[in-house]
Each structure stands twice: as structure tokens, then as C-alpha cells.
Amino acid sequence: MWVIKLAGLMASVPQFIDLPLLIEQRGELSGEFPLVSMPRLLELATSEDGCVSFDLTFGKDAQGIDFITGHYRASLQVKCQRCLTPINLNLTGKINLAVIENEAATGELPGFYEPLIHGSGRLSLPALLEDEIILTLPMAPLHLIAECPSGDLLREYATTRESPFAVLKGIKNK
Ligand SMILES: [Zn+2]
């Protein structure tokens, strides 16, 4: 299963990208990676089923800063921290990265950029997306009360308990 998914991925989107080339050519990339291509994110999930779709634009801005901007949409299952059963998580986010060579350049960046320190060599696209998603993952994901199995007790209490208005109504009808 894992191999098939990965083979499909290789055919559609490259896992590793040539960042300087994409920046120079003002490239655009969009596609989808299966959750199994992101091992750190997979570790936080309760199921292998899940995927991350993205669209990215590469280029150099007016100040000469190399950037990667775009969006991602991730869907995966994680554990509800109230009832410990799976919860479907759908996350969307923006990507605004400034590509810099070392930490020293971080201070010079406009505030809307997050620094991406990348010297040379290939860049793993799933790893880049994975980093972004892990940062925005809720610390304690929870079902909505109405959908949480451990919310049953709360709900029963709410429905069996007679409301003060029902009591008043009973008096009035006597
Ligand atoms: Zn729950």
C-alpha cells in the first residue's frame, strides 16, 4: 500500500526540488502528497489515511529576497484529547517563507516572512510542508462536545434534567 502510494506520488510531484532553479524561473508547483510521505506528521496521526495538497509559487521579491509563498490543505486523523478516539482534522494554512542561507540573515527579513534556512542541495517538498503543518497543529485537538463520545454524560444530564420552564408549565396546567 505504502509503495503504491509513493509510486503515484513520484509520477505527479517531485519529492525533491531544485530550489535555486525554481526561484530563478519563478516556478509554480501544486499537487498532493500522501500522509505516509511525512513520517513525523504520521507519528502524530492515528491512521495512515490522510493527505496534504498544496500550491506554491517561487521567486524573488522587490527587495531581492528569495521567497516561497502558497497554501496547503491537510487532512488527517488524530486523537481527541478528551475521549482518545480519532478525530478528523482538516487544516489549511498559508506559506510565506524567505529562503536564507544562514541564521544571521533572519534579522533583516520583513515580518510577514518566516525564515527557511537552506544552503544548497535539494529540498524535500514533503519535509517543508510537514514542518509548516506541525507548527499549526492544535496542541490538544478535541471533538466538538456534540460529537465527542465522552460528551454523552454531559448530554444526558442536559436532556434528562427538567428545565425550570417545564416545571412552571406543569403547575399552570393543574
Ligand atoms: Zn472526543
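Analysis parameters
Residues numbered from 1 in each chain as written. Predicted model: local features only at pLDDT ≥ 70, side-chain atom pairs only at ≥ 80, totals over all residues. Pairing = 2+ DSSP bridges. Helix = DSSP H or I, 4+ residues; strand = E, 2+ residues; numbered from the N terminus. Buried ≥ 20, exposed ≤ 12 C-beta atoms within 10 Å, placed from the backbone. Contact = placed C-beta atoms within 7 Å. Core = buried A, V, L, I, M, F, W, Y, C linked by C-beta atoms within 7 Å. Axes fitted to C-alpha atoms, helices over the stretch in contact; angles between N-to-C directions.

Colleague: Please set out the pairing of strand E5 (residues 86-100) residue by residue, giving values where relevant.
Modeller: Strand direction decides the pairing type here: strand E4 (residues 66-79) and E5, joined by 13 bridges, are antiparallel. Note on E5: the bridge partner recorded for Ala74 is Leu91. Across four bridges, the pairing between E5 and strand E6 (residues 114-117) is parallel. Paired with Ile100 across the two strands is Ile117, which belongs to E6.

Colleague: Which residues make up the environment of Ile23, and what values go with them?
Modeller: Structurally, the position occupied by Ile23 is in helix H2 (residues 19-24). When the 16 C-beta atoms within 10 Å are taken as the criterion, Ile23 is described as partly exposed. Excluding residues within four positions of it along the chain, Ile23 makes contact with Phe58, Gly59, Lys60, Asp66 and Val99.

Colleague: Which residues make up the nonpolar core, and what values go with them?
Modeller: The biggest cluster of nonpolar side chains holds 22 residues, and the ones touching the most others in it are Val52, Ile68, Tyr72, Val99, Leu129 and Ile133. Only strand E3 (51-60), E4, E5 and helix H4 (125-136) provide two or more residues apiece to this core. Looking at this core, the element that brings in the most residues is E4, giving five residues. If we skip the residues at most four places from it in the chain, Val99 touches Leu19, Ile23, Asp66, Phe67, Ile68, Leu116 and His118.

Colleague: Could you give an account of the sheet that holds E3, naming the residues involved and the relevant values?
Modeller: Across the sheet, which stays open at both edges, the five strands sit in the order E2-E3-E4-E5-E6 with mixed pairing between neighbours. In the strand order of this sheet, the two ends are held by strand E2 (28-34) and E6, each with one partner. Across the sheet, the axes of successive neighbouring strands diverge by a mean angle of 30°, strand direction being ignored. Pairing geometry for E3 and E4, over ten bridges, is antiparallel. Directly across from Gly59, in E4, lies its bridge partner Phe67. H4 contacts E2, E3, E4 and E5 of the sheet and is inclined by roughly 115° relative to E5.

That is the geometry; function is a separate question.
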